[in-house]
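Notes for the structure review
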Amino acid sequence: MANVEVALKEMMTGIEGALGAAVVDYTSGMALGTLGGGKGLDLEVAAAGNTDVIRAKVRTMEHLGLQSQIEDILITLGQQYHLIRLVTGRNGNGLFLYLVIDRERSNLAMARRQLKRIEEQLEV
């Protein structure tokens, strides 16, 4: 089982083209940990903003009466993919993994697969 620090390192080193990673509590919008990022990618701001994305999607699903759970959310930008993966383990309720990858240097399908594996191993 991986803790937050190990999960962040795996996201950044094990996923080709990773630019930034965070583990976020979407009940508060606070990042439990971040790695990477930089001048054009403030992971603390992204964590708070993506919390609103998750809350809006959950609310919409409730209004529609959908009983399914969100696995991940993909936001496609011109040069980046932003992946949001909800943590579903018993200790991860209310958390999500956030990963930004470079579109030119990464394989989206492989990144999603690896992010799922990291999420499954996360212990908080």
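Here the structure is a predicted model, which is why all the values come from computation and not from measurement. (Residues numbered from 1 in each chain as written. Predicted model: local features only at pLDDT ≥ 70, side-chain atom pairs only at ≥ 80, totals over all residues. Heavy atoms only, no water.)

1. Side note on the pairing of strand β3 (residues 72–76)
Bridge analysis of β3 against strand β4 (residues 80–86) gives five bridges, and the strand direction is antiparallel. Each bridged residue has a counterpart across the sheet, and for Thr76 the counterpart in β4 is Tyr81. Between the end of β3 and the start of β4, which pair antiparallel, lie three residues. (Pairing = 2+ DSSP bridges. Helix = DSSP H or I, 4+ residues; strand = E, 2+ residues; numbered from the N terminus.)

2. Digging into the nonpolar core
Formed by 19 residues in total, the largest nonpolar core has its most connected members in Met11, Val23, Leu97, Leu99 and Ile101. The set of elements that each furnish at least two residues to this core consists of α1 (4–14), β1 (18–25), β4, β5 (95–102) and α3 (108–121). Once you skip the residues sitting within four places of it in the chain, Ile101 turns out to touch Ile15, Glu16, Gly17, Ala18, Leu19, Gln79, Gln80, Tyr81, Leu83, Ser106, Leu108 and Ala111. (Core = buried A, V, L, I, M, F, W, Y, C linked by side-chain atoms within 4.5 Å. Buried < 20%, exposed > 50% of the residue type's maximum accessible area, 1.4 Å probe, protein only. Contact = heavy atoms within 4.5 Å.)

3. Re the packing of aromatic side chains
Summed over all chains, the structure comprises one aromatic pair. Seen in terms of ring centroids, Tyr26 and Phe96 are 6.4 Å apart; in terms of plane orientation they differ by 35°. Their pairing is tilted. With Tyr26 in the loop between β1 and β2 (30–36) and Phe96 in strand β5, this residue pair connects regions lying 70 residues apart in the sequence. Comparing Tyr26 with Phe96, the two get one shared label, buried. (Phe/Tyr/Trp six-rings, centres within 6.5 Å; stacked < 30°, edge-to-face > 60°.)

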